[in-house]
Amino acid sequence: MVLAKSKQSVGLGNALMNDRFGKGKGSDRKKAGAVARTHHATGEQYLVNEKQDAAWVKMRSVTEQSAMDEFLSTAELANTDFTAEKTNNVKIIHTDQKNPYLLSATEERAVLGKHKKHRDRLTVPRRPKWDASTTPQQLDLQERNSFLDWRRGLAELQENNDLLMTPFERNLEVWRQLWRVIERSDLIVQIVDARNPLLFRSEDLENYVKAVDPKKENLLLINKADMMTPKQRHAWAQHLKKAGIAFRFFSAHLAKEMNEARDREEEDDSEEETAQTAKTAGKRRAAEPESSEDEDSEEESGEEGAGGASVETDETEIMDVDELEEMFLRYKPADAAAETKLQVGLVGYPNVGKSSTINALIGATKVSVSSTPGKTKHFQTIHLSDRVILCDCPGLVFPNFASTKADLVCNGILPIDQMREFTGPVGLVTQRVPHRFLEAVYGIRIKIRSMDEGGTGVPTAEELLRAYAAARGFKTSGLGQPDQSRAARYVLKDYVNGKLLFVSPPPGIEDANEFNEELYDEEHLPEKRRAALAAAAEQLSLADDPLADGASVAGASDMVSIQPPPAVGPKTRKLDKGFFGAKSAGGHVTQPFNYKYTEQGALESGKALTGRKARTAYALENGLDPKELAKATSKKHFKGGQSNGKGKKSHRTLNVDDD
């Protein structure tokens, strides 16, 4: 029996409604926590939650918005109302493309041509000019109007020219952090990823820095340069030098390892140094004049090398921490006082290694590091030494052209954990990294589609993900199929972190596979996979295999990078079996209609003829009339000279006189 509902109880729906309209018990508390705001255009007052104005809400990075959210944010910046109107905007989606998330070679060339044509219109928002007489309210209004005009210009560029743009920063508070960093810094360093430097470089940012103050300098710091080969660094150095771009190669990962190794050596040698302090002190005092002269000569030669041709030869080398700090000091303004510190602003995309670079420079973890874009929220001022101050700006996604969103995910601009479609990015990985190298890295066997079934010799995203998920045991709940979505996140994170390498060639080099062929040898495999390959090769006794003896790196590269011919599909095997099989080895023989009634036909079928069929066969073989033969014999079972199935003739025969 169902109990009657208490009249004093309140359901969930009523509780939500009372909470919404302030009829509950906590209404007084909420009114006390509310903050009154005034609409500047209409003068209307309204209430907002005090948490709405929190700093972390203001500094939240916004790179992607839906059409409705973007429209509402634009209307909020313009501080205007709007009305909805029904329009007949129709966009035709082409369905003739095989993969809707990737472009063909012809389409990609056409898109790159459009990008080159409109690249001058890619700008960063400018801060309006202000002075001491400008009030904060006036400056805020001017900044909002300038930012709104900038967003409208980019939207017009994208719609009128049918261009796809990268998700760029749409939060004004983040751009205000960049403006402050530029205004107070003497040197603006753009940190870019070495695997695609031009994608992460903002050319208009350099123009904006010069517009703020011509004395300010720009520098392009190519981080993660250890992922490039010397040949690739030389090719990029030639292109950047020809374009007149100041650049240097750096690796925060190598610098961190050097700092850790130095700390370990200092700890190990500390005890020995304390024991020998008295002995070495006298020797150093005795050799002090000579060492000072040697140091002066070394400094002079170093300065001559810095201003001469030796700098050009060292441009392809990866700088260490000390060399990078000395290079920063070369950009100190000439009219600056001796005690004035050089202020260096570090700007760049999220996840390019700004925080890691700072930690490597100071030799300790002072800045939080994360692989998720948008970790740094406010610019931070860090005293590197008594001569240099670093300003870390939050990660900014500058407006740029893009071919597909898959490329943005592979370059680490869009977070992998928030992606909705994974076949496009993984398809790019399979196109760029040879599938033999993928098999060697993950220890899997990728079953690719053969040529006769429409395959291209390159594994698709589904083929790679099925093999990876099956090897790792990733299954979907319910049906137990390979979990491709989970496998895609592991593969893409390996690609972004550098486990699967691919470096974009500079403009002028078309063959990307040849440009990256040195990255797919035994040295670039993980240590566990190298040990597994060596053990497997030794077990199979492959003496001529370079992966077994490790003698030839070039041979290992050929083995890993050259793709084998596509496997024969089931359709080809079926056709070959039907054409070359044993049954079709002999010719096709056509027999007369009465063949099955003859003695040979009966023997081949394994069944002897009896009765009426035997009489008819005997009559046809001897030219007799079957009807007359039937009258001449009275036997029910006739065996006219037929075999009894044991290789012997029957003893009973019928003698018929020929007329």
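Cut-offs used in this document
- Residues numbered from 1 in each chain as written.
- Predicted model: local features only at pLDDT ≥ 70, side-chain atom pairs only at ≥ 80, totals over all residues.
- Heavy atoms only, no water.
- UniProt positions renumbered as here; feature names shortened; annotations may be inferred.
- Salt bridge = Lys/Arg side-chain N within 4 Å of Asp/Glu carboxyl O.
- Helix = DSSP H or I, 4+ residues; strand = E, 2+ residues; numbered from the N terminus.
- Buried < 20%, exposed > 50% of the residue type's maximum accessible area, 1.4 Å probe, protein only.
- Contact = heavy atoms within 4.5 Å.
- Core = buried A, V, L, I, M, F, W, Y, C linked by side-chain atoms within 4.5 Å.

Labelled according to an unreviewed UniProt entry, the protein chain appears under the name CP-type G domain-containing protein, originating from Akanthomyces muscarius. Per UniProt, the protein chain has the following entry under Subcellular location (unreviewed entry): "Cytoplasm".

**What about the pattern of salt bridges?**
Taken as a whole and assessed by the stated rule, the structure comprises 16 salt bridges. One salt bridge connects Arg127 with Glu183, and the closest N-O pair in it is separated by 3.1 Å. Note that Arg127 is positioned in the loop between helix H5 (105-117) and helix H6 (136-160) and Glu183 in helix H7 (residues 172-184), a separation of 56 residues in sequence. Classification of Arg127 as buried rests on a relative accessible area of 17%. Notably, a salt bridge pairs Arg445 with Glu439, separated by 3.6 Å at the nearest N-O pair. Exposure remark for Glu439: the relative accessible area of 9% places this residue in the buried category. Each of Arg127, Asp140, Glu143, Arg144, Glu173, Arg176 and Glu183 takes part in one network of salt bridges that share partners.

**Concerning helix H28 (residues 612-622)**
Looking at H28, one finds that the buried residues are Ala614, Arg615, Ala617, Tyr618 and Ala619. Contacts made by the buried residues of H28 are with helix H29 (626-632). Just downstream of H28, Gly623 is the residue with a positive phi angle, here 75°.

**A short note on the nonpolar core**
Trp175, Leu178, Val189, Phe328, Val344, Phe398 and Leu500 are the most contacted members of the largest nonpolar core, which has 114 residues in total. Those residues within four positions of Val189 in sequence are excluded, and the remaining contacts are Leu219, Leu221, Phe328, Val344, Gly345, Leu346 and Val347.

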